[in-house]
Amino acid sequence: MDCQRVLERFPENATAGRWALLPTILRMGSRTHWQSISLTPLPLCSIPMPKTVKGTGIMHFAKALIGALLIAVSTNAQNFRLPLNVIPSHYDIEVQVKLDPAEDFTFSGIVSINFTCVEATDTVVIHNYNLTVDEANVVLQARDESGTSVGIDRHEYEWDYAKFQTIFLTESLVAGHDYRLTIPYSGTHLEPTSSRALYPCFDEPGLKATFSITVGHTNKYQAFTNMPLTSSAVDPDPPNIIWDYHETTVVMSPYLVAIIVGDFTRVPTSDPRQFILVRDEVTNLTGDAAVFAPAILNEMETRLSTPFPLPKLDHAGLVGFSGGMENYGLIFYNEDEVARSDGSASLTLMAHETSHMWTGNLVTCQWWDVAWLNEGMTHFFTYFIAEKIDRKFPYFDKLGTEMMDKAMGYDFKPSALPMVIPIIQPNDISNAFGGDLIYKRGGNIGRMMYYLLGEEVLIEGMKNYFADNQFKSVTEEHLFTALNNAAEAAGLELEYSVSELISPFTNQAGYPLVNVTNTGVKEDGKSVYKVSQVNYDTVTWNKILDALKVSRKTFPNTNVAAIISDGLQLCRLNLVDPDVCKRFPEKLRNERSLIVWLTAAKNLHTAIANAADTTAELTRIKKIVKKAEFNVMRSREVMTPEHESLLDLLRNFSKHLEGPNATRSYISSHEAFWDKIFEDKEQDLKMQFSHHKIGTVLETAAYREESETISQEFRLPTKIIPSHYDVDIVAKLDPDENFTFFGTVDIFFTCVEATDSIILHNWLLLVDEANVLLQDQSGNLLNIDHHEYDWDYAEFQKIFLVDPLELGNNYKLTIPYAGNMSSVPSGLWYGSYVGDQGSVEYFAGTQHGTVSTRAVFPCFDEPAFKATFRISVGHHSKYSAFSNMPLVETIPHPDLSDYVTDYFEISPVMSTYIVAIVIGDYTRVPTDDPKQFVLVRDEITGLTGDAVNYVPDILREMEARFLIPYPLPKLDHAGLIGFGGGMENYGLILYVEDGIASEEGKANLELLTHEIAHMWAGNLVTCEWWDVSWLNEGMTEFFTFLIAGFVDTTYPYMDLLATRLMEVGMDYDSDSSALPLVVPINEPADIDQNAFNGPLIYYRGGAIGGVIYQLLGDQAFLAGIQTYFAQHMFQTVREEDLFLALNTAAEEAGLGLEYSVADLISPFTNQAGVPLVTVTNTGVKENGKSVYTVSQRRLLNVMNNEHNDDTLWPIVLTWATSSAPDFEDKTPKAYLTEASMTVTIAGDDDWVLFNNKRSGYYRVNYDTVTWTKILDALENAGNPFPDTNIAAVISDALELCLLGLVDPDVCDRIPNTLGNQTSLFVWISAVRNLHKSIARAADEVAELNRIKEIVNRAEFDTSMRTRKESMPDDQHKKLLNLLKDFKHHLEGSNAANTFISLDEELRNKRLQQQQKDMIRRISHDEHS
Ligand SMILES: [Zn+2]
């Protein structure tokens, strides 16, 4: 069973997870109910596990039960094992499952147990938990010819502690005789959260027997159990009941019995014995599972030479089930583990449960004290086997690093238990399934034996172990003996037996620290080291670290991980010289092993905790992580799945370090963790490690912080200015030619300041230095001295000249070069697809994003260095080539047969990052606009319907509003497989293929609009440097919403801007680590990580665009934008240029703003954070108007908003009241420029609501009376608030309530106001924020239930309203889907305790996805 996974996945809800393990999960509300019954041993699944449960997530009933147990323990100690005077051999089980709400999901059955009396007794003790026994019909008979009945006096039940049913007999059973006990019984209410046994039984793992199982159910369903069906019979009474009879099992423990009843389909695998069993709806998602199952079983069977003994093995995916459960022949998994929405499955979980078919099922631990023989050995086999199947991930290394670290983290505590655990009372059995101890530490003991004996001997020993003990139960001596025999047979000369070497590790808690000290003494030319219970002396540590630096490749990854992990841990305990300690994090800078980073990410906090200056150390580690990320990202090695995992890890880690958790809870929570350990300890931990500091004074290792050697010089000098490029590239789009390319670039430039070197960008392009030519304007050649390259940091090629270039002269630089195409979208990359004829087809494209043009041709690769480009592309004649400009001519290549060269027109002036090339078998689909085409591979031209319709409209709407025609002669919209998002190359936009040609011919309007808007914002007028990337991306995001609303008038995109963009921005900004919109670019990695940060640059940037638009109004805003584009076309800009153009337009329109646009907006772009405006009715009246104070303060996600950040913004105040409810009026009513001011508002009993249509970027709080008036109005069905304001009220209130800034009574009302909301946008906002209401509630479960009801009602109302009102179809459908998804989310089996964390997880995932897109130089964010 995989209880450990339960804990990992649902840490706050471990108890509930286990309860759910046992019997039933009912899918209510759908046509099907299904029920699975897994007879997990009662003690395991009926007893909560307080020791492993963290926090306060234990459900109430579990708490009550713990209380009961504690009482029971004192009175009934130790008496919970079966007496073993009778031994069962066979069970006949007949169960009828009433899978019907009308019958309350009850079940009833008859169990007949054959047993042998081995010691005379007049009682039979058996396990029974909450089953009602039909006592009058219990029969006990002798199993001989006589069949004599044995009289029964009475039954007693004890359900609190041992869970025994004791049957008192009127006479004694006779030793040596066989009996048969028949018990009719019933059970009620199979609820998912309470566990009941399904049949009375002798429920200990050692008491194995055979089982014949018969299941009765209605004809709607099918039943599955451990063994194949033999026959079915219809029962005339009661009608419609089918009885399914199954083959008798092999000998097995009672906890492995399993039954499923429901509407399921068996998906076959290539192994005729194995099936993936899932509900009908998800059979098409079982792709991976159907591949994994035969592979895993085959590996186990062939490696262990022991066949799987059952005739069939079903892998059942069950909704709501947690983790996995290894029932013999019928394994249960959470449905998601075997049928994810993308058809993937969990290889490790499947390997784990399948391994159990041997370790656990075939050979079973005799009692739970040696549960590690089941779980630890299974954990070992899981990683051993997974690596054989999926060679892309070093699973086995993961066991020895991440898992070992966790185990050591457990063992490190003084409270650690030995792996052979004491079981003194029933709830000690929970310790037998402790994740870190039994699974991870146990798995590592398996790994230790593997390395001790070698693979061959270990496997041989395991074969013997299985052969000798099959269908039996064992203690650890059985395992050690089998392994020892194998070691001896193989002639391994171990000085000690396996048992002597291993059992101290299984029977003692803790782990040893080995100290290695160089004594300085030599004997026979060898150094003498003192080894004590791995720490090293300082000299040795420095040597190891030096060696790591020089020859990293000679160290296996697991050892490097161990060095980092041991080193950091020992440093934390002051057992290592502080100068050595500083070096450990540095080792990671160039590290590319996933395993090493997994370990590092778990341990680096110790370096922070240990530092004198924690902030400085955090900063240092941040830089190291960023550098590592940068190195991996820019590596031209083929991106393996391991690399991708590593990138994900580094990005998450980076994010983690930058989040609020870094500065506050990251360090402090880890500190708390350490403090707790130190508190717990009774003696000085240092003593436990019996360490001696090395007495010798040693020279401090020559330690140079590598980061200091990194130059900050990564910007190009401005001494020479390029004006034109001729780029000639020949692409070998052919696997036989290794996807290489070569080319020549001629760069025409002017020298504006004398210099004797030319510095330009080149990344990993191999230059033919001998043929690099530099000519002056008269055609004279200048001498080149030498070339230098910096490919690690600035990505420069430096050309040193013999004589300096002269000011004012023009030159031409010619560079012949060659490179490799990338297999991921970066630089010039290639991809493939399977064509109509089944052959593999290749294509190539560029993805320059921000800094990858330099990987295609040497160039001055900064946005401000605009130039014209004439491009030619050589390629095989079977392909076509496309570039930014139209084709001029195609001529045969002079040197390469079958190759042609396509020459394209000269481009207008543009930045390097929007140069583009596409090569492949592509077709141009025309649109209504003769300039525009949709460019896709031949096979899918039929799917471009929407894109073909959209793009003329989008371009037309933009040209009409910007009043500057699109300046290029053509615009291709190309869809490429494997691309992410979109990239706005001038004249040749690239998109992910299904963004413009998906199955129903659909296209993503937002994505298309975004990229086309870039033709002006970004391409025509370009940010001068990436610090003001928001002028490209933020403004484009704003135009996306503005223009998409004109193209698709059924959907109010501007409302979406006010909800989605605003709120993502505000969430980002309420973190103390938030950056300003004008971002710092201090090093190359900041370009991607800061200048293309999704929530900041796209969302918050787009929201600021919206704020300016609302401030100026449509006309003045567009007039300003027209000027801005017209004045700066083909140039680059800073934000002052935008503000000035807009301000002039505002003045010309006579808007009468008291401040300039720059004064009002630049504090929002140059300061981080979002303001909270607090409105308080003073109760004072002036001239019949109410006096309100209005104050501002930065809103941070800290309780009560208590912090020291005194940032102020110039805030434009707008408001509406019940007597003047004009929300469309967004002209400033007042400007809040100081911390506080007063305003007077007419209307006595009026409600007042600030921030009309959320035109300002701020949240609003009110005094309690004002909040109450607002909510009264809001609950009134005819309320006058626009959707954007309702969304703002709900979102603001939920956030502020969570931070303790609003009266609790007001807070309690907020979710109710959603009751009559039918707006998609209100709900989008609510769904993002409702978890906050649960988080702040005293009773989270009650609050969850309340929210469920509200959502249910809204969903019901929405679907009813469909028929009555005419809502725009699309919106309505989206709302229904949103509510359905949300409902599903809330009803998940663990919603009660995990909703909040899940929600966080979802959001993190979203961010992660965004970052993933970003990093691939996609200048476009996710558009869903
Ligand atoms: Zn963009």
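The coordinates are above.
The text that follows walks through the structure, step by step, so that each part is easy to find. Since this is a predicted model, take the numbers as computed values, not measurements.

This paragraph deals with the overall build of the protein chain. In terms of helices and strands, the protein chain carries 39 helices and 54 strands. The buried share among the 1424 residues of the protein chain stands at 60%. Counting every atom, the protein chain has about 53600 Å² of accessible surface; 50% of that belongs to carbon and sulfur.

Relative to the 26 Å expected for 18 residues at 1.5 Å per residue, helix α5 (residues 287-304) spans 27 Å between its end C-alpha atoms, a close match to the ideal helical length. One or two residues past the end of α5 sits S305, with phi positive at roughly 45 degrees.

Taken as a whole, the largest cavity spans an internal volume of roughly 170 Å³. Surrounding the largest cavity, 15 residues form its lining, V1107, L1111, V1212, S1255 and G1256 being those nearest its centre. Where the lining of the largest cavity is concerned, the elements lending two or more residues are α29 (1094-1128), α31 (1157-1166) and β49 (1211-1213). The residue inventory of the lining of the largest cavity, partitioned by class, reads 10 nonpolar, four polar and one charged.

Let us now look at the packing of helix α10 (residues 435-453) against helix α13 (residues 498-507). Packing of α10 against α13 brings their axes to within 11 Å, and their N-to-C directions diverge by 160 degrees. Between α10 and α13, the interaxial angle falls into the category roughly antiparallel. The interaxial crossing formed by α10 with α13 has right-handed handedness. Contacts between α10 and α13 involve R441, I445, M448, M449, L452 and L453 from the former and V498, L501, I502, F505 and T506 from the latter. Tallied by class, residues from the contact of α10 with α13 come to nine nonpolar, one polar and one charged.

Ordered in space as β40-β41-β42-β44-β43, the five strands form an open sheet in which the pairing is mixed. Since the sheet does not close on itself, it has two edges, and those belong to β40 (922-926) and β43 (982-983), each with one partner. Lying on the sheet, helix α23 (residues 945-962) is in contact with β40, β41 (932-937) and β42 (971-976); it crosses β41 at an angle near 150 degrees. Packing of helix α25 (residues 1005-1013) onto the sheet brings it into contact with β42, β43 and β44 (988-992), and relative to β44 it is tilted by some 150 degrees.

With that settled, consider the environment of G442. Within the element layout of this structure, G442 appears in helix α10. Separated by 71 residues in the primary sequence, G442 and A371 place their C-alpha atoms 9.3 Å from one another. With residues near it in sequence (within four places) discarded, G442 still touches W372, G376, M419 and L437.

Hydrogen bonds between backbone atoms are what pair the strands of a sheet, whose relative direction is either parallel or antiparallel. Strand order in this open sheet of three strands is β4-β8-β7, and the pairing throughout is antiparallel. In this open sheet, the two edge strands, each paired with only one partner strand, are β4 (121-127) and β7 (152-158). For this sheet the average axis-to-axis angle between neighbouring strands, irrespective of direction, equals 20 degrees.

Before going further, it helps to examine the packing of helix α15 (residues 557-572) against helix α17 (residues 594-610). Closest axis-to-axis distance for the α15/α17 pair is 9 Å, and the angle between their directions is 15 degrees. By the angle between their axes, α15 is roughly parallel relative to α17. By crossing handedness, the relation of α15 to α17 is classed as left-handed. Residues N557, V560, A561, I564, S565, L568, Q569, C571 and R572 of α15 touch α17, and the partners they reach there are I595, V596, T599, A600, N603, L604, T606, A607, A609 and N610. Considering only residue class, the contact of α15 with α17 consists of 11 nonpolar, seven polar and one charged.

What follows concerns the packing of aromatic side chains. For the structure shown, the criterion picks out 57 aromatic pairs. Residues W829 and F843 carry aromatic rings whose centres are separated by 5.6 Å and whose planes lie at 85 degrees to one another, so their mutual orientation is edge-to-face. Pair noted here: W829 is in strand β33 (residues 827-834) and F843 is in strand β34 (residues 840-847), with a separation of 14 residues, a long-range link. The lysine or arginine in question, R154, covers the ring of F168, its NZ or CZ lying 3.8 Å from the ring centre. Stacked on the ring of W1215, the Lys or Arg K1229 has its end atom at 5.8 Å from the ring centre.

Next up on the list: unusual backbone geometry. Look at L963: it is not a glycine, yet its phi comes out positive at around 55 degrees. Within the fold, L963 resides in the loop between α23 and β42. Looking at L963, the relative accessible area reads 57%, which means it is exposed. Residues other than glycine seldom take positive phi values, yet N1200 does so here, at roughly 60 degrees.

Another point: a nonpolar patch on the surface. Together, L84, I87 and V118 line one region of the surface with nonpolar side chains, adding up to about 220 Å² of accessible area. Relative to the helices and strands, V118 resides in the loop between β3 (107-117) and β4.

A separate point is the nonpolar core. By size, the foremost hydrophobic cluster in this structure holds 227 residues, and its most contacted members are I758, W1016, F1039, F1117, F1250 and W1323. It is α29 that contributes the most residues to this core, 17 residues altogether. Those residues within four positions of W1016 in sequence are excluded, and the remaining contacts are L955, M958, E959, F962, I964, P965, Y966, V1021 and F1125. Residues F224, Y333, C365 and A371 belong to the second largest nonpolar core, which totals 183 residues.

For the structure shown, the criterion picks out 51 salt bridges. We note a salt bridge from R924 to D972, for which the minimum N-O separation is 2.9 Å. A residue pair is termed long-range when its members are at least 10 positions apart, and R924 in strand β40 and D972 in strand β42 qualify at 48 residues. According to the relative accessible area criterion, R924 is partly exposed, its value standing at 34%. The exposure class assigned to D972 is buried, which follows from its relative accessible area of 0%.

Another point: the environment of Q508. The residue Q508 is located in the loop between α13 and β22 (515-523) in this model. Q508 sits in the partly exposed class, given a relative accessible area of 49%. Distance in space between the C-alpha atoms of Q508 and M419 is 7.3 Å, their sequence separation being 89 residues. The contacts of Q508, once residues within four sequence positions are left out, are P418, R441 and S503.

Bridging between strand β47 (residues 1171-1182) and strand β48 (residues 1185-1194) involves nine bridges; their strand directions are antiparallel. Following the sheet pairing, K1181 is matched in β48 by S1186. Hairpin geometry of β47 and β48 is characterised by an intervening segment of two residues between the two adjacent antiparallel strands and by a positive phi of about 50 degrees at N1183. As paired strands, β48 and strand β52 (residues 1236-1241) are joined by six bridges and run antiparallel to one another. By the bridge assignment, T1189 is partnered in β52 with T1238.

Further remarks concern the side chain of N1032. As for its position among the elements, N1032 is in the loop between β45 (1021-1023) and α26 (1033-1047). Look at N1032 and you get buried, because its relative accessible area is 2%.

On to helix α27 (residues 1053-1069), then. Compared with the 24 Å implied by 1.5 Å per residue over 17 residues, the 23 Å span of α27 between its first and last C-alpha is a close match. Along its length, α27 reaches its greatest deviation from straightness, about 25 degrees, at M1062. Taking burial as the measure, the 17 residues of α27 include 16 buried ones, the bulk of the element.

The next point concerns the pairing of strand β26 (residues 740-751). Relative to β26, strand β25 (residues 720-731) runs antiparallel, the two being bridged by 11 bridges. Its bridge partner being in β26, D728 is matched across the sheet by T744. Where β26 and strand β32 (residues 810-820) come together, 11 bridges link them in antiparallel fashion. Residue pairing in the sheet places T744 in a bridge with P816 of β32.

What counts and what doesn't
- Residues numbered from 1 in each chain as written.
- Predicted model: local features only at pLDDT ≥ 70, side-chain atom pairs only at ≥ 80, totals over all residues.
- Heavy atoms only, no water.
- Helix = DSSP H or I, 4+ residues; strand = E, 2+ residues; numbered from the N terminus.
- Buried < 20%, exposed > 50% of the residue type's maximum accessible area, 1.4 Å probe, protein only.
- Areas by Shrake-Rupley, 256 points an atom, 1.4 Å probe, with all protein chains shown as cover.
- Expected span 1.5 Å × (residues − 1).
- 1 Å grid on protein atoms, 1.4 Å probe; cavity = no way out; pocket = protein on both sides within 12 Å on 5 of 7 lines; lining within 4 Å.
- Points joined across faces, edges and corners; volume = space filled by probe spheres on them.
- Nonpolar A, V, L, I, M, F, W, Y, C, P; charged D, E, K, R; others polar.
- Axes fitted to C-alpha atoms, helices over the stretch in contact; angles between N-to-C directions.
- Parallel < 35°, antiparallel > 145°, perpendicular 65-115°, else oblique.
- Left-handed = near helix turned anticlockwise from the far one by under 90°.
- Contact = heavy atoms within 4.5 Å.
- Pairing = 2+ DSSP bridges.
- Phe/Tyr/Trp six-rings, centres within 6.5 Å; stacked < 30°, edge-to-face > 60°.
- Lys NZ or Arg CZ within 6 Å of the ring centre and 35° of its normal.
- Patch = residues over 30% accessible without salt bridge, like charges linked within 9 Å, V, L, I, M, F, W, Y side chains within 5 Å.
- Salt bridge = Lys/Arg side-chain N within 4 Å of Asp/Glu carboxyl O.
- Core = buried A, V, L, I, M, F, W, Y, C linked by side-chain atoms within 4.5 Å.
- Bend = angle between axes of the 7 residues up to and from the residue.

Keep in mind that these numbers describe shape and distance, not what the molecule does.
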